[in-house]
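Inside the fold
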Amino acid sequence: MNYGQIRKYDIANGPGIRTSIFVTGCHINCKNCFNKDYQDPNFGNIWTKSTTNEIISYLNDPNVAGLTVLGGEPFEHAADLYKIVDEIKNQIDKSIWIYSGFIFEDLLKNEDSKKLLTLIDILVDGPFIEEKKDLTLTFRGSSNQRIIDVQNSIKSNQVILYNGY
């Protein structure tokens, strides 16, 4: 798995100050995607054990509220990300958000994706749709996208939107 960038301090992709990972590789190809370079799975740097350690060190900062994973398309790397996020969760107790162009209900149908969902707190789901672009929305680009409380959604077997969004 490759990544395009890591932001030690990010305030745009979830509440508070967050550490963000931008994975590369995405076949959805949303019109006017804001990360076109990251659609190429070969773009960027190869993820290593030291990259995981770097993320953990950033998350140890008490000013950092949590981790956000976006891309590219994180769920095109669900098996790799599961191992990485699991290792991070075993050392850090902070919220984990993932942005995906896939919808929650479809992710639940794939075993690797479903396994990754069990580790995260929030999923911002759905493709960016240019015609539904809305700059007034918090933490999402178009009105079709949802901010989902993943653990409560899995427990109740229905989509539960995250409080306040």
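Residues numbered from 1 in each chain as written. Predicted model: local features only at pLDDT ≥ 70, side-chain atom pairs only at ≥ 80, totals over all residues. Heavy atoms only, no water.

The name given to the protein chain in an unreviewed UniProt entry is Anaerobic ribonucleoside-triphosphate reductase-activating protein, and the organism recorded there is Anaerococcus nagyae. Among the UniProt annotations of the protein chain, the heading Sequence similarities (unreviewed entry) holds the following wording: "Belongs to the organic radical-activating enzymes family." Recorded in UniProt for the protein chain, the comment headed Catalytic activity (unreviewed entry) runs: "glycyl-[protein] + reduced [flavodoxin] + S-adenosyl-L-methionine = glycin-2-yl radical-[protein] + semiquinone [flavodoxin] + 5'-deoxyadenosine + L-methionine + H(+)". (UniProt positions renumbered as here; feature names shortened; annotations may be inferred.)

**Examining a nonpolar patch on the surface**
There is a patch of nonpolar side chains on the surface, built from Tyr9, Ile11 and Ile17 and spanning about 310 Å² of accessible area. Here Tyr9 lies in strand E1 (residues 2–10). Here Tyr9 falls in the partly exposed class, since its relative accessible area comes to 46%. (Patch = residues over 30% accessible without salt bridge, like charges linked within 9 Å, V, L, I, M, F, W, Y side chains within 5 Å. Areas by Shrake-Rupley, 256 points an atom, 1.4 Å probe, with all protein chains shown as cover. Salt bridge = Lys/Arg side-chain N within 4 Å of Asp/Glu carboxyl O. Helix = DSSP H or I, 4+ residues; strand = E, 2+ residues; numbered from the N terminus. Buried < 20%, exposed > 50% of the residue type's maximum accessible area, 1.4 Å probe, protein only.)

**Remarks on the environment of Cys30**
For Cys30, the position within the fold is in the loop between strand E2 (17–23) and strand E3 (45–46). Each C-alpha atom, one on Cys30 and one on Glu111, is 24 Å from the other, the two residues being 81 residues apart in sequence.

**Section: the packing of aromatic side chains**
Under the criterion given, the structure shown has 3 aromatic pairs. Pairing Tyr3 with Trp47 gives two aromatic rings, centres 5.4 Å apart and planes at 75°, and the pair type is edge-to-face. Here Trp47 lies in the loop between E3 and helix H1 (49–59) and Tyr3 lies in strand E1, a separation of 44 residues in the sequence. A relative accessible area of 12% means that Tyr3 is categorised as buried. (Phe/Tyr/Trp six-rings, centres within 6.5 Å; stacked < 30°, edge-to-face > 60°.)

**Notes on the sheet that holds E1**
On the basis of which strands lie adjacent, the open sheet formed by 7 strands has the order E3-E1-E2-E4-E5-E6-E7 and mixed pairing. Each end of this open sheet is capped by a strand with a single partner; those strands are E3 and strand E7 (146–149). Here strand E6 (residues 122–125) pairs with E7 via 4 bridges, running antiparallel. By the bridge assignment for E7, Leu123 is matched with Ile148. Against the sheet, H1 touches E1, E2, E3 and strand E4 (64–70), its axis set at about 15° to E1. (Pairing = 2+ DSSP bridges. Contact = heavy atoms within 4.5 Å. Axes fitted to C-alpha atoms, helices over the stretch in contact; angles between N-to-C directions.)

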